[in-house]
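# A structural walkthrough
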Amino acid sequence: MFAVIRVGAALAVVAGVLSLHAAPVDAAEATVEVLASAPWTPTDVTVAAGDTVTITAEGAMHLGPVEALDRVAPDGVACGDVCAESLSTNWIAPDLAHWSLIARVGEGDAIAVGSESSFVAVTDGLLSLGVNDNNFEDNAGSWTAGIVVEPASTAAAPVPVPGNGSGGGGVNLLPLLLVLVILAGLGVLVVIGLRRRREVGQGVDDASGAPPVTPLLPTATPTADQETYVPGEDDAIDVNIFEVTIADDATLRIGYNFFPEGTSVRWRLGQNGTARSGGEFVTLGGGATYHFVVQAIEPHLPPGGGSVDVNFDWTIGGVPFGYSVRRVPNT
């Protein structure tokens, strides 16, 4: 498991370096209530020329005395259905859909939005949303609009490379950089693999009960079934399962760390070639933090039966792992 964590970290570093040539710039987001009673509602969102603005809106507002205008969605209403000759003037944007959601940047021209639209800003300024109406005195309600602004440049500029005099051409060093990064990542994986060999798949301990890797155990003595102890600077943490103790032929106490949250660990006891008991527990996360779990041995081990083989196995990211240790009960 320790190797898996370290491998994941190495791959994350490699992936981060590989993404330097296209590092995304965070988009700005906002939610605004567009009032029916005002021609324009400021959004407090500032955009720059070249930014892509995406707006989605929903809701219904009352925009007039006739039934067609009682509950109007952001897409508006076709003017021919309800417009009288007297209503044909004074529109905020006469050429856009009537009673619909519109937008503008700064004091620029109105932009059609409706229930969903995207546009590229042609100038810098504050974004405002409005209702394309010609009379606001009898309006009521609001629309809810979600705004996402993506900056004009979403990728870092490539590193300039001297050209060959042919007008903009040059040697692209990016492939070479990628190869070097990948080779460095593979080197890290090899080192980790060599380190992992002493932690997983070890043979059985001798009768003394000393585990293959002997860490500095925490000074506190946990008493509950599942307790956590945070190690000090002098405590060894470079292990997965650092304690296996059998007490009273009926209890198995296990200490572990570096497991991801929610990993299912299975254990089995064998004595003189005969399977005796088994169980399973789910790990807590926390990296170097010491965790302890106590498992009941059912049926109990027979008194005076000699040393016991304890085998563990678990899977992380589809990769199986195992650990074996030999213990003498009550030690």
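Residues numbered from 1 in each chain as written. Predicted model: local features only at pLDDT ≥ 70, side-chain atom pairs only at ≥ 80, totals over all residues. Heavy atoms only, no water.

## Some words on the pattern of salt bridges
For the coordinates displayed, the defined rule picks out 5 salt bridges. The shortest N-O distance in the salt bridge between E243 and R253 comes to 2.4 Å. Taken together, the positions of E243 in strand β11 (residues 241-247) and R253 in strand β12 (residues 251-256) put the pair 10 residues apart, joining distant regions of the chain. Residue R268 pairs with D313 through a salt bridge whose shortest N-O separation is 2.6 Å. Taken together, the residues span a long stretch of sequence, with R268 in strand β13 (residues 264-271) and D313 in strand β16 (residues 308-316) at a distance of 45 residues. Each of R266, R268 and D313 takes part in one network of salt bridges that share partners. (Salt bridge = Lys/Arg side-chain N within 4 Å of Asp/Glu carboxyl O. Helix = DSSP H or I, 4+ residues; strand = E, 2+ residues; numbered from the N terminus.)

## Details of the sheet that holds strand β2 (residues 40-47)
Backbone-to-backbone hydrogen bonds pair the strands of a sheet. The strands run either parallel or antiparallel. An order of β2-β8-β5-β6 is seen for the 4 strands of this open sheet, with the pairing classed as antiparallel. If you trace the sheet from one side to the other, it starts and ends with β2 and β6 (111-112), each paired once. The sheet contact formed by strand β5 (residues 101-105) and β6 spans 2 bridges and is antiparallel. Bridging from a neighbouring strand, A103 pairs with I111 of β6. (Pairing = 2+ DSSP bridges.)

## As for a nonpolar patch on the surface
Where nonpolar side chains cluster on the molecular surface, the patch consists of L176, V179, L180, I182, L183 and L186 and spans about 560 Å² of accessible area. Structurally, L186 can be placed in helix α3 (residues 174-196). (Patch = residues over 30% accessible without salt bridge, like charges linked within 9 Å, V, L, I, M, F, W, Y side chains within 5 Å. Areas by Shrake-Rupley, 256 points an atom, 1.4 Å probe, with all protein chains shown as cover.)

## Focus: the sheet that holds β16
Reading across the sheet, the 4 strands line up as β14-β13-β16-β17 and stay open at both edges, with antiparallel pairing between neighbours. Only two strands of the sheet have a single partner each, and these edge strands are β14 (274-282) and β17 (319-327). Averaged over all neighbouring strand pairs, the angle between strand axes comes to 20°, with direction disregarded. In this sheet, β17 lies alongside β16 in antiparallel orientation, the contact comprising 9 bridges. Bridge pairing in β17 links V310 to V325. (Axes fitted to C-alpha atoms, helices over the stretch in contact; angles between N-to-C directions.)

## Observations concerning the confidence of the model for the protein
Across the protein, the average pLDDT comes to 75, with 66% of residues at 70 or higher. In this model, residues 155-170 is a region of pLDDT below 50 whose contacts with residues beyond four sequence positions or in other chains number 12 contacts. When the criterion is pLDDT under 50, residues 229-237 qualifies, and its contacts beyond four places in sequence or with other chains add up to 24 contacts. (pLDDT = per-residue confidence, 0-100. Contact = heavy atoms within 4.5 Å.)

## Remarks on the side chain of S324
Here S324 is to be found in strand β17. Within the structure, S324 has its side chain in polar contact with the side chain of N311 (distance 2.8 Å). (Polar contact = N/O pair within 3.5 Å; in protein donor to acceptor, adjacent residues only side chain to side chain.)

## Looking at the nonpolar core
Ranked by size, the top nonpolar core spans 29 residues in total, and within it I55 and L63 carry the most contacts. Per element, the largest residue contribution to this core is 4 residues, and it comes from strand β9 (residues 140-150). Apart from residues lying up to four places away in sequence, L63 is in contact with A36, L69, V72, W99, V131, D133, D138, N139 and W143. (Core = buried A, V, L, I, M, F, W, Y, C linked by side-chain atoms within 4.5 Å. Buried < 20%, exposed > 50% of the residue type's maximum accessible area, 1.4 Å probe, protein only.)

## Considerations on the packing of aromatic side chains
This structure, assessed with the given rule, holds 8 aromatic pairs. Here the aromatic rings of F242 and F292 are separated by 5.6 Å at their centres, their planes lie at 85°, and the arrangement is edge-to-face. Here F242, found in strand β11, pairs with F292, found in strand β15 (residues 290-296); they are 50 residues apart in sequence, far enough to count as distant. Assessed through its relative accessible area of 4%, F242 is described here as buried. In this structure F292 comes out as buried when scored by relative accessible area, which is 1%. Aromatic pair Y256 and F259: ring centres 5.6 Å apart, planes at 90°, arrangement edge-to-face. Across this residue pair, the class does not change: Y256 and F259 are buried. (Phe/Tyr/Trp six-rings, centres within 6.5 Å; stacked < 30°, edge-to-face > 60°.)

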